[in-house]
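Tertiary structure, described
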Amino acid sequence: MSRIQPSSPETSRRMAKVRQKGTDAEIALRSELYRRGLRYRVDYEVLKKPRRVAERTEGFTEYGIDNGAWSAHTKGLDWDSTYRAKFERLVEDYGAAADFIVAPDIVAAGAASLARSVEWLPALRSVGCLVLIPVQDDMRPDPSLTRHLGDTVGLFVGGSTEFKIASLPTWSWVAREWDCYLHVARVNSVRRIRYCQAYGVDSIDGTSASRYAVELQKLDAALRQPMLKCWETGCPI
């Protein structure tokens, strides 16, 4: 692909001076998100360019680490050869202070996904951080999953929207029975927030507030419940 040429040398000089991070608008938005209790989840792709992922905490003292499996899946990439090294680097650099780490999984792979997550448990638990096992379409709360749950291992409900809505009552029951942490991914509306609150979810993540500033106020209002924290993703995907 040929490189896009600037319209003039003056335009090139002017655009080169434009800051790509730490702008007044970005700092104002980050400050407001933090003030309202929203948090940052690292390892989200910033732009569709190689190596452009959010590997920083933006100064937040509370954050979680995702594994990049969903991003790899949506691009048709092999996770081991594209995202594994990034995930391992995130765990090494930020894992000890993270509120949770999402164990690697395989999107839409059921038992194979669980097997991968379980394989990673010893290494991730040794970091001293809460580890979440992703559950998705076609997964059930049988002993192959529940025997790993407890104080140090919880649940990360992913999968399709239909699966999350239909199965959340079940995962909520599992979390209570095994006394484990329960997180739900990609919650981007007041209605979905209320649904998660009704089932005692511990935290959620979503991109609405960072992608669409007009959503911030109504999502913030929906989150005014002490038992629920929202982990806001730090950049759009």
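Above this note sits the structure.
Keep in mind that this is a model prediction, so the values were computed, not measured.

What counts, and where the lines are drawn
Residues numbered from 1 in each chain as written. Predicted model: local features only at pLDDT ≥ 70, side-chain atom pairs only at ≥ 80, totals over all residues. Heavy atoms only, no water. Helix = DSSP H or I, 4+ residues; strand = E, 2+ residues; numbered from the N terminus. Buried < 20%, exposed > 50% of the residue type's maximum accessible area, 1.4 Å probe, protein only. Contact = heavy atoms within 4.5 Å. Areas by Shrake-Rupley, 256 points an atom, 1.4 Å probe, with all protein chains shown as cover. Axes fitted to C-alpha atoms, helices over the stretch in contact; angles between N-to-C directions. Parallel < 35°, antiparallel > 145°, perpendicular 65-115°, else oblique. Left-handed = near helix turned anticlockwise from the far one by under 90°. Nonpolar A, V, L, I, M, F, W, Y, C, P; charged D, E, K, R; others polar. Pairing = 2+ DSSP bridges. Right-handed = clockwise from strand over helix to strand, strands pointing away. Arc of directions from axis to C-beta.

Our focus in this paragraph is the overall build of the protein chain. Looking only at helices and strands, the protein chain features eleven helices and eight strands. Classification of the 237 residues of the protein chain by burial places 46% in the buried group. Relative to all contacts within the protein chain whose residues are 6 or more apart in sequence, the contacts with residues 24 or more apart total 62%. For the protein chain, the exposed surface amounts to about 12800 Å²; the carbon and sulfur share of it is 53%.

This paragraph deals with the packing of helix 8 (residues 161-177) against helix 9 (residues 190-198). Look at helix 8 against helix 9: their axes get within 10 Å of each other, and the N-to-C directions meet at 25 degrees. Classified by the angle between their axes, helix 8 and helix 9 sit roughly parallel to one another. In this structure, helix 8 crosses over helix 9, and the sense of that crossing is left-handed. Touching T161, I165, L168 and P169 of helix 8 are R192, Y195 and C196, all from helix 9. Partitioning the contact of helix 8 with helix 9 into residue classes produces five nonpolar, one polar and one charged.

Turning next to the pairing of strand 5 (residues 153-157). For strand 5, the tally of buried residues reaches five of five residues, placing the bulk of the element in the interior. Pairing analysis gives five bridges linking strand 4 (residues 131-135) to strand 5, with the strands arranged parallel. Bridged to P134 within strand 5 is F156. Bridge count between strand 5 and strand 6 (residues 182-184): three bridges; the pairing is parallel. Looking at strand 6, one finds that F156 is bridged to H183.

Here the focus is the pairing of strand 4. Of all five residues in strand 4, five are buried; the element is thus mostly enclosed. Of the strand pairs in this sheet, strand 3 (residues 100-102) and strand 4 are connected by two bridges, and their pairing is parallel. Counterpart to I101 in the pairing with strand 4 is V131. Once you follow strand 3 into helix 6 (residues 111-125) and on to strand 4, the crossover reads as right-handed.

With that settled, the discussion passes to helix 5 (residues 84-94). Among the residues making up helix 5, those that are buried are K86, F87, L90 and V91. Viewed end-on, helix 5 has its buried residues packed into an arc of 135 degrees, placing them on one side of the element. Of the exposed residues in helix 5, the ones pointing more than 90 degrees away from its buried face are A85, E92 and D93.

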